[in-house]
Amino acid sequence: MYSDILIPTDGSPGAQEAIEHGLEIAQQYEATVHALYVVSRSGPLLESLQLEGRKAVRDLEVAGTQAGLTVVTEVVEGVPPQEILEYSATQGIDLIVMGTQGRTGVDRFVMGSVAERVVRHSPVPVLMVRKEQL
């Protein structure tokens, strides 16, 4: 049913919950996992964000590889919801697994969350994983 699963990550605890769910589903279907980190084009901390992105996808790659999965990693620049949807379309993704809570800021209140925008526009199923509340 699922041969390519996209797990966008921002390195947050909410993304970690989604990673765990996504890897479990990928194991069940022997699917390839796609780890994607989107760096916003704006801001003076671009290099720092790229390093953070490489670490986030590398962590996902290690977890997926330890689970016996094939993992493809990508760090791209752009607007997160748009880049997630574009990656999904160009890579033939069957399922997107993402957290409902990531790193937030003023943009969340102005434009809506990344997850909400992906769900509204995705032509493939999106599994939203809530961060476990303690």
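Scope of this entry: the structure provided in the associated data block. Here the residue index of a chain counts from 1 through its sequence in written order. Local features are withheld for residues below a pLDDT of 70 in this predicted model, meaning they are given only at 70 or higher, and side-chain atom pairs are given and counted only at 80 or more; totals for whole chains, interfaces and linings count all residues. Excluding hydrogens and water, the side-chain figures rest on all heavy atoms present in the structure.

Secondary structure elements are taken from DSSP: a helix is a run of H or I of four residues or more, a strand is a run of E of two residues or more, and numbering for both begins at the N terminus. Of regular secondary structure, the protein chain possesses five helices and five strands. Here's how the labels work: a residue is buried when its accessible area is under 20% of the maximum for its type, exposed when over 50%, partly exposed in between, all with a 1.4 Å probe on protein chains only. The buried share of the protein chain, taken over its 134 residues, is 39%. For the protein chain, contacts bridging at least 24 residues in sequence account for 75% of all contacts bridging at least 6. Summed over its atoms, the accessible surface of the protein chain is roughly 7,700 Å², and 50% of this surface lies on carbon and sulfur atoms. What makes two residues a contact is simply this: any of their non-hydrogen atoms within 4.5 Å. Note that accessible areas follow from Shrake-Rupley with a 1.4 Å probe, and for residues the cover is restricted to the protein chains shown.

Burial runs high along strand S2 (residues 32–39): seven of the eight residues are buried. Two strands make a pair as long as DSSP finds a minimum of two bridges between them. Alignment of strand S1 (residues 4–8) against S2, held across five bridges, turns out to be parallel. Bridge pairing in S2 links aspartate 4 to threonine 32. Taken together, S1, helix H1 (residues 13–29) and S2 form a β-α-β motif whose crossover is right-handed. With the strands aimed away from the viewer, a crossover counts as right-handed if its path from the first strand over the helix to the second runs clockwise.

Another point: the environment of threonine 73. Within the element layout of this structure, threonine 73 appears in strand S3 (residues 71–77). Taking the C-alpha atoms as reference points, threonine 73 and tyrosine 37, 36 residues apart in sequence, are found 8.4 Å from one another.

Each aromatic pair joins two rings of Phe, Tyr and Trp (for Trp, the six-membered one) with centres within 6.5 Å, and gets the label stacked for planes under 30 degrees apart, edge-to-face for over 60, and tilted for any other angle. Taken as a whole, this structure holds one aromatic pair when the rule is applied. With a centroid separation of 5.2 Å and 80° between ring planes, the pair formed by tyrosine 2 and tyrosine 29 is classed as edge-to-face. In this pair, tyrosine 2 sits in the segment before S1 while tyrosine 29 sits in helix H1, placing the two residues 27 residues apart along the sequence. According to the relative accessible area criterion, tyrosine 2 is buried, its value standing at 18%.

On to the environment of isoleucine 84. Locating isoleucine 84 in the fold gives a position in helix H3 (residues 80–90). By relative accessible area, isoleucine 84 is classed as buried at 3%. The sequence separation of isoleucine 84 and serine 122 amounts to 38 residues, and the corresponding C-alpha distance is 9.2 Å. When sequence neighbours within four positions are dropped, the list of residues in contact with isoleucine 84 reads Leu6, Pro8, Leu36, Val38, Ile96, Met98, Val114 and Val118.

Core analysis: the biggest nonpolar cluster contains 21 residues, and Ile5, Ile7, Leu23, Val33, Leu60 and Val97 have the highest contact counts within it. Looking at this core, the elements that each hand over two or more residues are S1, H1, S2, helix H2 (46–66) and strand S4 (95–99). Those residues in contact with leucine 60 that sit more than four places away from it in its chain are Ile7, Thr9, Ile19, Leu23, Val33, Ala35 and Val71. The next biggest cluster of nonpolar side chains, apart from the first, holds twelve residues, and it includes Tyr87, Ile93, Met98 and Ala115. Put simply, a nonpolar core is a bunch of buried Ala, Val, Leu, Ile, Met, Phe, Trp, Tyr and Cys residues held in one set by side-chain atoms that sit within 4.5 Å of each other.

Across the sheet, five strands lie side by side as S3-S2-S1-S4-S5; this open sheet has parallel pairing. Lying at the two open borders of the sheet, with one neighbouring strand each, are S3 and strand S5 (126–129). Sheet twist, expressed as the average angle between the axes of neighbouring strands with direction ignored, equals 20°. In the sheet, S1 pairs with S4 via two bridges, with the strands oriented parallel. Paired with leucine 6 across the two strands is isoleucine 96, which belongs to S4. Axes, fitted as lines to C-alpha atoms, cover a helix only where it is in contact. Angles between the N-to-C directions of the axes lie from 0 to 180 degrees. On the sheet, helix H5 (residues 114–121) packs against S4 and S5 and is oriented at approximately 160° with respect to S4.

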